[in-house]
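Coordinates in review
Take a look at the letters that make up each chain.
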Amino acid sequence: MTTPVYENFINGHFLKNQTGDTFAVKNPATDEVIYHVEIADEFIQNAAIESAKQGFAVWSAMTPIERSRILLKAVAILRERNDELAKVEVLDTGKPWQEAECVDVETGADVIEYFAGLAPAQVGQQQMVGNDFYYTRKEPLGICAGIGAWNYPLQIACWKSGPALAAGNAVIFKPSEETPLGAIKLAEIFIEAGVPAGVFNVVQGAAEVGQWLTANPNIEKVSFTGEVGTGKKVMASAAGSLKDVTMELGGKSPLLVFDDADVSQAVSAAMLGNFYTQGEICTNCTRIYVHKNVYQQFIDELKTRTEQNIIAGDPMDPEVNLGALISKKHQELVLSYIDRGIQEGATLLTGGKALSPASAPNGYFVEPTVFVDCKDDMTIVKEEIFGPVMSVLVFDDEDDVIQRANDTHLGLAAGVFTKDIQRAHRVIHQLQAGICWINSYGNSPAEMPVGGYKQSGIGRENGIETLDHYTQTKSIYVGMSNIESPF
Ligand code: NDP
């Protein structure tokens, strides 16, 4: 059976490459190749830059309210096509339909809508300096590159293009080669909505194509989502032409459950923050510190609910709430971390093996896995696993657990469960993390800035401040009297 071949999306249409090189994309739930994608060769790369230059000239000359109106049309189309787009995400990522249907497209559309609304509200300043004055203009940067991870492909493309386009920039976006279709669908929707050709381009390929973007001197900014190690390479390469960077990287986030917490609510948060999207979420609370007074109650309920309420299988089945991991290689990596946990002496409370559900026997599934009696120096407690693997640790002192929670080079997210309002804020203010939750976990509305402390990132996505990260300030001094010159 022949599968479709998708070309790169340049200057408003699909463009064939010259080398004819392609890569295959598999459905993680079936291990079957579902389509091929052409790799962006030199011809495509040059065309992408030319296209983005032309797109930028047209787009940046429009008024913000014109851009806003067009982006809002794209938002409406995204919402109309929710189910079609959600299906693309399920087939590419292996995540459950019940998530994609209400989260992936929705949260992407929300962010474009949010920035479309803000675009006309961006203003410069004016100040008198004696009789003279100056004023400032918020100008777009030019061509911005977006490089995405594979866990939320369409959402990431929306989160990067929303503020970039609202501020008047052009974008060249490279999705992960594991999940390339969502960004293409978004590019088509932008064109349909009236975004001029060349404003949003999609180039396809693996690390080499990403490296080309980060090194190309025509590109003013790189917004990257991915692993910490890759982020360091991207930043080093971007330094060659002093590009602005936004880095959304990995995490190993703590959740602190105090003995006055609603334990069932804390278990819900722990399960959401480890098993949603089969654990492939950057903000996951993979280190759960539970106060010794509620430790046994917590792990008893966690074990029961994990064993009774999780349904793995064909991700398109609306009943399924645990999907397949992104690739065989990633499944093996996650299983190797589980082996390491066992070797290092953690107690396996539940899970721990590959799964082969009857409705998706060839998928790359891993059982929802919980380790208890974990120690801070275990590999599973220190390293990001990016799969459904939770580590539970015990604590009995507030200051001590804060110090333990902060003892990591990562700082993406953190959470606290307690009914003591003063403790909730006191503790969360001391946790070294960019995205924090009190008696909640994982919600990330368009209005709320997200990004990491320490090696989890640089800059923010979403929230008002992000629009500033896609503009530069021009100051203009206006002389109102004759120049006094000593020459
Ligand atoms: P990677 O770092 O492997 O890849 C991210 C993107 O970078 C992919 O498009 C990849 O291409 C590309 N890439 C790889 N090497 C280079 C390079 N040298 N130069 C430029 N681009 C390159 O991350 P994953 O895709 O494996 O995603 C998982 C990671 O992403 C986890 O660590 C997770 O925590 C993090 N993440 C962070 C989020 C946040 O907001 N903080 C959100 C989501 C995920 P290709 O894949 O095609 O090789």
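Preceding this paragraph is the structure being described.
What comes next is a walk through the structure.

Here is what the cut-offs are and how they apply
- Residues numbered from 1 in each chain as written.
- Predicted model: local features only at pLDDT ≥ 70, side-chain atom pairs only at ≥ 80, totals over all residues.
- Heavy atoms only, no water.
- Core = buried A, V, L, I, M, F, W, Y, C linked by side-chain atoms within 4.5 Å.
- Buried < 20%, exposed > 50% of the residue type's maximum accessible area, 1.4 Å probe, protein only.
- Axes fitted to C-alpha atoms, helices over the stretch in contact; angles between N-to-C directions.
- Helix = DSSP H or I, 4+ residues; strand = E, 2+ residues; numbered from the N terminus.
- Parallel < 35°, antiparallel > 145°, perpendicular 65-115°, else oblique.
- Contact = heavy atoms within 4.5 Å.
- Nonpolar A, V, L, I, M, F, W, Y, C, P; charged D, E, K, R; others polar.
- Patch = residues over 30% accessible without salt bridge, like charges linked within 9 Å, V, L, I, M, F, W, Y side chains within 5 Å.
- Areas by Shrake-Rupley, 256 points an atom, 1.4 Å probe, with all protein chains shown as cover.
- Salt bridge = Lys/Arg side-chain N within 4 Å of Asp/Glu carboxyl O.
- Lys, Arg positive; Asp, Glu negative; His and termini not counted.
- Charge placed at Lys NZ, Arg CZ, Asp CG, Glu CD.
- Phe/Tyr/Trp six-rings, centres within 6.5 Å; stacked < 30°, edge-to-face > 60°.
- Lys NZ or Arg CZ within 6 Å of the ring centre and 35° of its normal.
- Pairing = 2+ DSSP bridges.
- Near = heavy atom within 4 Å.
- Polar contact = N/O pair within 3.5 Å; in protein donor to acceptor, adjacent residues only side chain to side chain.
- Right-handed = clockwise from strand over helix to strand, strands pointing away.

What to know about the nonpolar core
Side chains of a nonpolar character, in soluble globular proteins, are inclined to be buried together. Leu78, Ile288, Phe298 and Val392 are the most contacted members of the largest nonpolar core, which totals 92 residues. In this structure, Tyr364, Ala405, Val427 and Leu431 belong to the second largest nonpolar core, which totals 29 residues.

Observations concerning the packing of helix α3 (residues 82–93) against helix α5 (residues 104–118)
Contact geometry of α3 with α5 gives a least axis separation of 8 Å together with a crossing angle of 115°. By the angle class used here, α3 and α5 are roughly perpendicular. Together, Asn82, Leu85, Ala86 and Glu89 of α3 and Asp104, Val105 and Glu106 of α5 make up the contact between the two elements. Split by residue class, the contact of α3 with α5 holds three nonpolar, one polar and three charged.

Section: a negative patch on the surface
Taken together, Asp396, Asp397, Asp399 and Asp400 make up a surface patch of like negative charges. Mapped onto the secondary structure, Asp399 falls in helix α14 (residues 398–405).

So, the packing of aromatic side chains
Where two aromatic rings form a pair, the distance of their centres and the angle of their planes describe that pair. Under the defined criterion, the tally for this structure stands at eight aromatic pairs. Judged by centre distance (5.2 Å) and plane angle (85°), the ring pair of Phe9 and Phe14 falls under edge-to-face. For Phe9, a relative accessible area of 3% puts it in the buried group. These aromatic residues form a ring-pair network of at least three members: Phe173, Phe190 and Phe200. Its end group placed over the ring of Tyr152, Lys95 keeps NZ or CZ at 3.3 Å from the ring centre. Positioned above the aromatic ring of Tyr470, the side-chain terminus of Lys221 is 4.7 Å from the ring centre.

A few points about the sheet that holds strand β1 (residues 5–6)
Working definition: the strands of a sheet are paired by backbone hydrogen bonds and lie parallel or antiparallel to each other. Reading across from one edge, β1-β5-β4 is the order of the three strands in this open sheet, with mixed pairing throughout. Each end of this open sheet is capped by a strand with a single partner; those strands are β1 and β4 (22–27). Here β4 runs beside strand β5 (residues 32–38); their pairing, made up of six bridges, is antiparallel. Bridge pairing in β5 places Ala24 opposite His36.

Concerning the packing of α3 against helix α6 (residues 153–166)
The contact between α3 and α6 brings their axes to 9 Å, and the two run at 120°. Here α6 runs oblique to α3, going by the angle between their axes. Mapping the contact onto sequence places Leu85, Glu89 and Thr93 in α3 and Pro153, Leu154 and Gln155 in α6. Classifying every residue of the contact of α3 with α6 by side-chain character gives three nonpolar, two polar and one charged.

Looking at the site of the ligand
Near the ligand, the surroundings consist of 27 residues, among which Gly148, Glu177, Thr230, Leu249 and Glu384 are the closest. For the ligand, an oxygen atom lies 2.8 Å from a polar atom in the backbone of Glu227. One of the backbone nitrogen or oxygen atoms of Leu249 is found 2.8 Å away from a nitrogen atom of the ligand. Listed by contribution, the elements that provide at least two residues to the shell around the ligand are α8 (207–215), β11 (219–225) and α9 (228–239). Top element by residues in the shell around the ligand is α8. It accounts for three residues. Partitioned by chemical class, the residues of the shell around the ligand number 12 nonpolar, 10 polar and five charged.

Focus on the pattern of salt bridges
By the definition in use, this model includes 20 salt bridges. Among the salt bridges present, the one from Glu106 reaches Arg79, with a minimum N-O distance of 3.7 Å. You can see Glu106 sitting in helix α5 and its partner Arg79 sitting in helix α2 (residues 64–80), a full 27 residues away along the chain. Assessed through its relative accessible area of 30%, Arg79 is described here as partly exposed. In this structure, Glu398 engages Arg426 in a salt bridge whose closest nitrogen and oxygen atoms are separated by 2.8 Å. With Glu398 in helix α14 and Arg426 in helix α15 (residues 421–430), this pair connects stretches of sequence that are 28 residues apart. Classification of Glu398 by relative accessible area gives buried; the value is 17%.

Brief notes about unusual backbone geometry
If a residue is not glycine, its phi is most likely negative; likewise, a peptide bond is most likely trans. One non-glycine residue, Asp31, adopts positive backbone phi at about 65°. Residue placement: Asp31 occurs in the loop between β4 and β5. Overall, the relative accessible area of 34% leaves Asp31 in the partly exposed class. For Phe386, which is not glycine, the phi dihedral falls at a positive 60°. Here Phe386 lies in the loop between α13 (379–382) and β19 (389–395).

Overview of the pairing of strand β13 (residues 254–257)
In the case of a regular strand, side chains alternate between the two sheet surfaces. Across the two faces of β13 the burial is the same, with Pro254 and Leu256 and Leu255 and Val257 all buried. Of the strand pairs in this sheet, β13 and strand β14 (residues 287–291) are connected by four bridges, and their pairing is parallel. Within β14, the residue paired with Pro254 across the bridge is Arg287. Handedness of the crossover is the feature at issue here: the chain leaves β13, passes through helix α10 (residues 263–275), returns alongside β14, and the resulting connection is right-handed.

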